[in-house]
Amino acid sequence: MQVRGSVIKSIDSFVADNHGSKYEEWKKGLSAASNLLLSSVSTSNWYPVEPGVIVPTEVLCDMFYDDKKQGAWESGRYSAKMGLTGIYKVFVLISSPSFMLKRASRVIATFYEPTDLTVADSSDTSMVIQFTKLPIKNELIEYRIAGWMEMALEICGCKNLKVDITKSMAQGNSVFETTINWD
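Computed from a predicted structure; not experimentally measured. (Residues numbered from 1 in each chain as written. Predicted model: local features only at pLDDT ≥ 70, side-chain atom pairs only at ≥ 80, totals over all residues. Heavy atoms only, no water.)

**Thoughts on the pairing of strand β5 (residues 126-133)**
Regular strands show a simple pattern: their side chains alternate between the two faces of the sheet.
And step 1. Of all eight residues in β5, six are buried; the element is thus mostly enclosed.
And step 2. Bridge count between strand β4 (residues 116-122) and β5: six bridges; the pairing is antiparallel. Bridge pairing in β5 places Asp121 opposite Val128.
And step 3. Taking the residues that link successive antiparallel strands as the turn, the β4-β5 hairpin has three residues.
And step 4. Where β5 and strand β7 (residues 176-181) come together, six bridges link them in antiparallel fashion. When the sheet's bridge partners are listed, Phe131 is paired in β7 with Phe176. (Buried < 20%, exposed > 50% of the residue type's maximum accessible area, 1.4 Å probe, protein only. Helix = DSSP H or I, 4+ residues; strand = E, 2+ residues; numbered from the N terminus. Pairing = 2+ DSSP bridges.)

Next comes the structure, spelled out in structure tokens:
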């Protein structure tokens, strides 16, 4: 159960950019293992998901959001906004939403390991994506991923976008499922 260092860095940057006045307080709230990762993380290496993502996300959600799910969602949106730059932004801008989402398994696998997802249903204006494997059953990870997908689709030009989590492995379902609709 591992996560790429770029995910860890994006959480750190999210707190610094959006909650800068309390950044040091956030860092003090992290576990020793999480602080150690933050101090030496390389964006291309793999790290344990618990101290790398779960703990920092829980602490940021506890400190800054009444609704923890919203905090994880916003963190995911930020990650997509920051990560889909340069060559990746060009890929997203020239891709149709369906094209991009059908390749989501390759993208997600570069950030979380192990992962496995499939497109369960799709049309010109909707898609159902099912994750059958995630590195850990955690609701905040699910909301972070859904927020990431939402921002990626906004960058892709989707209008009237709606991303819903319709099944949750963290809540006992056999899959983590997002249902996505756009105009």
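**Re the pattern of salt bridges**
And step 1. Applying the stated criterion across every chain, the model contains five salt bridges.
And step 2. Salt bridges linked by common partners bring Arg77, Glu150 and Glu154 together as one network. (Salt bridge = Lys/Arg side-chain N within 4 Å of Asp/Glu carboxyl O.)

**Here's the deal with the environment of Met1**
And step 1. Assignment of secondary structure puts Met1 in the segment before β1 (2-4).
And step 2. With relative accessibility at 62%, the residue Met1 sits in the exposed group.
And step 3. For the pair Met1 and Glu50, spaced 49 residues apart in the sequence, the C-alpha separation amounts to 8.5 Å.
And step 4. Once residues lying within four places of it in the same chain are set aside, the contact partners of Met1 are Tyr47, Pro48, Val49, Glu113, Pro114, Pro135 and Ile136. (Contact = heavy atoms within 4.5 Å.)

**What about the environment of Cys158?**
And step 1. Looking at the secondary structure, you find Cys158 in the loop between α9 (139-155) and β6 (162-167).
And step 2. On the accessibility criterion, Cys158 (9% relative accessible area) is buried.
And step 3. For Cys158 and Thr125, which are 33 residues apart along the polypeptide, the C-alpha to C-alpha distance reads 9.1 Å.
And step 4. Apart from residues lying up to four places away in sequence, Cys158 is in contact with Pro97, Leu153 and Trp182.

**Some thoughts on the packing of helix α4 (residues 49-64) against α9**
And step 1. Where α4 meets α9, the closest approach of the two axes is 10 Å, and the angle between their N-to-C directions is 85 degrees. In terms of orientation, α4 and α9 fall into the roughly perpendicular class. Side by side, α4 and α9 meet where Val49, Val53, Ile54, Thr57, Glu58 and Cys61 of the first sit next to Leu140, Ile141 and Arg144 of the second.
And step 2. For the contact of α4 with α9, a count of residues per class yields six nonpolar, one polar and two charged. (Axes fitted to C-alpha atoms, helices over the stretch in contact; angles between N-to-C directions. Parallel < 35°, antiparallel > 145°, perpendicular 65-115°, else oblique. Nonpolar A, V, L, I, M, F, W, Y, C, P; charged D, E, K, R; others polar.)

**Section: α4**
And step 1. With 16 residues, α4 should reach 22 Å at 1.5 Å per residue; the first-to-last C-alpha distance of 21 Å fits that figure.
And step 2. Counting buried positions along α4 yields 12 of 16 residues, so the element is predominantly enclosed.
And step 3. When we look at burial in α4, the residues that qualify are Val49, Pro51, Gly52, Val53, Ile54, Val55, Pro56, Thr57, Val59, Leu60, Cys61 and Phe64. (Expected span 1.5 Å × (residues − 1).)

**With respect to the sheet that holds strand β2 (residues 46-48)**
Either a parallel or an antiparallel arrangement is found when strands of a sheet pair, and the pairing is made through backbone hydrogen bonds.
And step 1. Read across the sheet, three strands follow the order β2-β1-β3 without closing on themselves; strand pairing throughout is antiparallel. Each having just a single partner strand, β2 and β3 (112-113) make up the two edges of the open sheet.
And step 2. Relative to β2, β1 runs antiparallel, the two being bridged by three bridges. Of the residues in β2, the one forming a bridge with Arg4 is Trp46.

Honestly, it's all geometry; don't read function into it.
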